[in-house]
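# Architecture and fold: a report
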Amino acid sequence: MIKQAIIPLAGLGTRLLPLTSVFPKELLPMNGKPGIEYILDECIEAGIKEVICIISTKKKLIKNYFFNDNFYKKIMKKKKDNRIIKEYKKIQKYKKMIRFVYQNKPLGTGDAVLKTKSYIKDKFFLMLLPDDLIIKKNCSKAMISIHNRKKDCSVIASMKVPKKTVNRWGIFLKEKNLDEENFYIKDVIEKPEIDKAPSNNAVIGRYILPKQIFRNLKYQKKGKGGEIHITDTIRQLIIDGHKFIGHNFKGKYLDCGTMHGYIRSSKEISRI
Ligand code: G1P
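Thresholds, definitions, all that
Residues numbered from 1 in each chain as written. Predicted model: local features only at pLDDT ≥ 70, side-chain atom pairs only at ≥ 80, totals over all residues. Heavy atoms only, no water. Near = heavy atom within 4 Å. Polar contact = N/O pair within 3.5 Å; in protein donor to acceptor, adjacent residues only side chain to side chain. Areas by Shrake-Rupley, 256 points an atom, 1.4 Å probe, with all protein chains shown as cover. Nonpolar A, V, L, I, M, F, W, Y, C, P; charged D, E, K, R; others polar. Helix = DSSP H or I, 4+ residues; strand = E, 2+ residues; numbered from the N terminus. Buried < 20%, exposed > 50% of the residue type's maximum accessible area, 1.4 Å probe, protein only. Contact = heavy atoms within 4.5 Å. Salt bridge = Lys/Arg side-chain N within 4 Å of Asp/Glu carboxyl O.

### Thoughts on the site of the ligand
Lining the immediate environment of the ligand, one finds Arg-15, Leu-129, Asp-132, Arg-168, Trp-169, Gly-170, Glu-190, Lys-191, Val-203, Tyr-207 and Thr-231. Note that an oxygen atom of the ligand is positioned 2.7 Å from one of the side-chain N or O atoms of Asp-132. At a separation of 3.5 Å, an oxygen atom of the ligand approaches a polar side-chain atom of Arg-168. Protein coverage of the free-state accessible area of the ligand, which is 380 Å², stands at 86%. Looking at the shell around the ligand residue by residue, the classes come out as four nonpolar, two polar and five charged.

Rendered as structure tokens:
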């Protein structure tokens, strides 16, 4: 069973400036609720019991958001407001299942994952990238159920993207279809040039990864843009014979990592 999830949150959020110059992007509201809560709710509904958040000292506000007990208690003493009590209880529920680790230099997703090494207990864990919201159908839950069927396989969410945008994503090379929604992955390339992309099946930010990835991550060299990419380590695991499945999720993908995407996603979310 998959019980632990990790969420890399140390990124600088430059694509959302000026909103992120003092404020972490994951706390920006979407229809009255910070983006991070959508991600946590997806985890809870998928049966996750512990979430490890990777933050940086610059993004300590995220920790403060969940650890602000005294403030709530003072307010609740003065005011008997049911809405505040309900919100406080919700924050308490999240707080109980989250722990924080630090990545103070933004060296890439691979480096962020490595910071969680000593906390991961089971053979597999889930990773969610907070820029990618998936609504209407719980993608993590669907991926966990595929993993439960195909016990030793890792799973990554996938979506077809316009060909001219392949250089913005990790791109899969399919091996063969497993069923209508899932396929075995032969290779994955981080942000390929348009003419070198093996397909237009993109990696979306939900991954079920094996614990053994930590061994490879320790030696992972920097890739595109001088960052340590999880995609490059996954590629190595595939070469070593580890099975990875791509899952064409059913939900609706919302990009919250760019200004244009954030504005569109907020509108979309407030309609449901
Ligand atoms: C990351 C991954 C990329 C993936 C994308 C999904 O890129 O490196 O493989 O396709 O998330 O959102 P980033 O958005 O951090 O540039």
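Next comes the rest of the account.
### What to know about the side chain of Asn-182
With respect to the helices and strands, the residue Asn-182 is situated in strand E10 (residues 182–190). A residue is classified by how much of its surface remains accessible, and Asn-182, at 2% relative accessible area, is buried. Side-chain polar atoms of Asn-182 contact the side chain of Asp-179, separated by 2.9 Å. Polar side-chain contacts of Asn-182 include one of 2.8 Å to the side chain of His-247. Sequence-distant contacts of Asn-182, defined by excluding residues within four places in its chain, comprise Ile-146, Arg-149, Asn-177, Ile-245, Gly-246 and His-247.

### Thoughts on the pattern of salt bridges
With the rule as written, the count across this model stands at 17 salt bridges. Here Glu-42 and Arg-206 are joined by a salt bridge, their closest N and O atoms 2.8 Å apart. One end of the pair, Glu-42, is in helix H1 (residues 35–45); the other, Arg-206, is in strand E11 (residues 201–210), and 164 residues separate them in sequence. For Arg-206, a relative accessible area of 0% translates into the label buried. One salt bridge in this structure joins Glu-87 and Lys-90, with 3.2 Å as the shortest N-O distance. Within this pair, Glu-87 and its partner Lys-90 are both found in helix H4 (residues 82–97), separated by three residues, close to a single helical turn. On the accessibility criterion, Glu-87 (29% relative accessible area) is partly exposed. One salt-bridge network, in which partners are shared between bridges, spans Arg-15, Lys-25 and Asp-131.

### Some points on the environment of Gly-32
Looking at the secondary structure, you find Gly-32 in the loop between strand E2 (29–30) and strand E3 (33–34). For Gly-32, a relative accessible area of 75% corresponds to the exposed category. Distance from Gly-32 to Lys-221, taken between C-alpha atoms, is 41 Å for residues 189 residues apart in sequence.

### Structural notes on the environment of Arg-235
Of note, Arg-235 is situated in helix H8 (residues 230–239). In sequence terms Arg-235 and Arg-99 are 136 residues apart; their C-alpha atoms lie 29 Å from each other.

Keep in mind these values describe shape, not function.
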